[in-house]
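One-letter residues, chain by chain:
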Amino acid sequence: MQVNRHFSLKFVFLMPLVIALVVLALTIKNYYDSVNRDINDEYERINAALSRAAKVISALDYSFSNYSKSNYILLVEHNRQIKDDLCQMWPIDAALLSDGRHQEIPAVDISYMLVGDVSLCDPSSADYQRVSGQVSLAPVLSFLHDIDSYLLGIHYIDKEGYIMSSPDTYAKSITLELLQTIKARPFWHQTAHNRDLVTLTGPAPIATTSDLVMSMTMPVFNKGIHQGMLSVDISYDELLDSQGKLAGNLSIIDSARISPPDNALRFETIDIDGVVGEHSLYYLFDLPKEIGNFFSFERNSLIVTLFIYVFSVIVLFFINTRVEHGYFKELAAKDPMTGLLNRRGLEDFLRGSSN
């Protein structure tokens, strides 16, 4: 005999499943929107960082383009040494002094080094005389290098072949071969061509390590004559570090030279006033990592979804049980042929009437 249930078994299991799937879809949509908001925030942060670096190099360019020899602020003295056929010069004392105002200006830690041909260490050479007129700007490189953690180094490369670099650790890695070939490299000509603009290049590995950097370069002109080039190196990994907010990685690509990978999403062109480059930001989608991140961030919502499904199934089973109990109770009280109350039914009826 078939039991007349209020809900079928298919309904009991499928209806809660439909509700759970709707909740799950809303959870996935919420996660998708959250990821897009995080990507937007990261893109804004990266563009702001690059814009800030562009302002740093523009400020330096103004200083180098308009410098004049002055004895108002001087470094006490410089160490000089010849190493690997190169002249290295760095401040003996990291203190900035001013004539007649030693007590008023406190010492300031600075880190820079000048590297060039051996003639740079000769006080009678033209290179030494030239760098003497520019060395007062060297502390500025050190000050600006420290303002943001993603700035790896700031360099001035003179047309005569010497380099002024902060911090000094970068300058110590410069080789004679690099110094002799630096003006023949494509970025030098590309930068010189963009006279009043900042040129964005990279990512590319640093010559001495495997670390990737983005570089912003700008030519220096004084009275219309090309003097050299300023360069700011930006840590690629630190610039794109999302601090664990995203499962996939953010990347920057030179769209004019390299094709993006197949799993690249959310392309956005880097467009900063005064900066030349054909670079784009994109999000590198990684399905296994994305699924893991989804379960990690949405675990509470998933637990609630599972609870809704199980609770709905239990409630429908409870309703069915109550209906079946009433059905069998009624069946036991009536004659199946006539539908009239049998002895048990009459006893229950009389008992209810007496109460």
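Residues numbered from 1 in each chain as written. Predicted model: local features only at pLDDT ≥ 70, side-chain atom pairs only at ≥ 80, totals over all residues. Heavy atoms only, no water.

Trainee: Can you lay out the confidence of the model for the chain for me, pointing to particular residues and giving the numbers?
Mentor: Mean pLDDT over the chain works out to 80, with 80% of the residues at or above the 70 mark. Within the model, pLDDT remains below 50 along residues 70-76, and this stretch shows 19 contacts once partners closer than five positions in the same chain are excluded. The low-confidence segment residues 95-107, where pLDDT is below 50, has 23 contacts with residues more than four positions distant or belonging to other chains. (pLDDT = per-residue confidence, 0-100. Contact = heavy atoms within 4.5 Å.)

Trainee: I'd like to hear about the sheet that holds strand E7 (residues 163-166), residue by residue, with values.
Mentor: Pairing in this open sheet of nine strands is mixed, and the strands run E2-E3-E5-E7-E6-E10-E9-E8-E13 from one edge to the other. Pairing within the sheet leaves two strands with one partner each, and these edge strands are strand E2 (78-83) and strand E13 (275-276). In this fold helix H1 (residues 9-65) packs onto strand E6 (151-158), E7, strand E8 (198-205), strand E9 (212-222), strand E10 (225-235) and E13, with an angle of close to 30 degrees to the strand it touches most, E9. Strands in contact with helix H3 (residues 138-145) are E6 and E7; relative to E6, the strand with the most contacts, it is inclined by about 160 degrees. (Pairing = 2+ DSSP bridges. Helix = DSSP H or I, 4+ residues; strand = E, 2+ residues; numbered from the N terminus. Axes fitted to C-alpha atoms, helices over the stretch in contact; angles between N-to-C directions.)

Trainee: Provide a residue-level description of the packing of aromatic side chains, including the pertinent values.
Mentor: Under the criterion given, the structure shown has six aromatic pairs. Measuring from centroid to centroid gives 5.7 Å for Phe13 and Phe317, while their planes differ by 80 degrees, and the two rings are edge-to-face. Residue Phe13 is located in helix H1, and its partner Phe317 is located in helix H9 (residues 299-333); the two are separated by 304 residues in the primary sequence. According to the relative accessible area criterion, Phe13 is partly exposed, its value standing at 39%. Assessed through its relative accessible area of 34%, Phe317 is described here as partly exposed. Between Phe307 and Phe311 the ring centres are 5.8 Å apart and the planes differ by 15 degrees, which places this aromatic pair in the stacked class. Within this pair, Phe307 and its partner Phe311 are both found in helix H9, separated by four residues, close to a single helical turn. On the basis of relative accessibility, which here comes to 54%, the residue Phe307 falls in the exposed class. Three or more aromatic residues link up through ring pairs in this structure, and these residues are Tyr31, Phe294 and Phe295. (Phe/Tyr/Trp six-rings, centres within 6.5 Å; stacked < 30°, edge-to-face > 60°. Buried < 20%, exposed > 50% of the residue type's maximum accessible area, 1.4 Å probe, protein only.)

Trainee: Go over a negative patch on the surface with me, naming the residues and quoting the values.
Mentor: A cluster of like negative charges, contributed by Asp211, Asp237, Glu238 and Asp241, occupies part of the molecular surface. With respect to the element layout, Glu238 can be found in helix H7 (residues 236-239). (Patch = residues over 30% accessible without salt bridge, like charges linked within 9 Å, V, L, I, M, F, W, Y side chains within 5 Å. Areas by Shrake-Rupley, 256 points an atom, 1.4 Å probe, with all protein chains shown as cover. Salt bridge = Lys/Arg side-chain N within 4 Å of Asp/Glu carboxyl O. Lys, Arg positive; Asp, Glu negative; His and termini not counted. Charge placed at Lys NZ, Arg CZ, Asp CG, Glu CD.)

Trainee: Any chance you could break down the state of the cysteines for me, citing the residues and the numbers?
Mentor: Under the criterion given, the structure shown has one disulfide. What pairs with Cys87 in a disulfide is Cys121, and their sulfur atoms sit 1.9 Å apart. Since a negative S-S torsion denotes a left-handed disulfide, the Cys87-Cys121 link at about 95 degrees is right-handed. Here Cys87, found in strand E3 (residues 86-91), pairs with Cys121, found in the loop between strand E5 (113-116) and helix H2 (126-132); they are 34 residues apart in sequence, far enough to count as distant. Take Cys87 and Cys121: they sit in the same class, and that class is buried. (Disulfide = S-S within 2.5 Å.)

Trainee: A description of the nonpolar core should follow, citing residues and the corresponding values.
Mentor: Ranked by internal contacts, the top residues of the largest apolar core, which has 56 residues, are Phe64, Met216, Ile234 and Ile252. No other element matches the 13 residues that H1 contributes to this core. In terms of nonpolar packing, the next biggest core, distinct from the first, is built from twelve residues, Leu86, Ile163, Ile182 and Trp188 among them. (Core = buried A, V, L, I, M, F, W, Y, C linked by side-chain atoms within 4.5 Å.)

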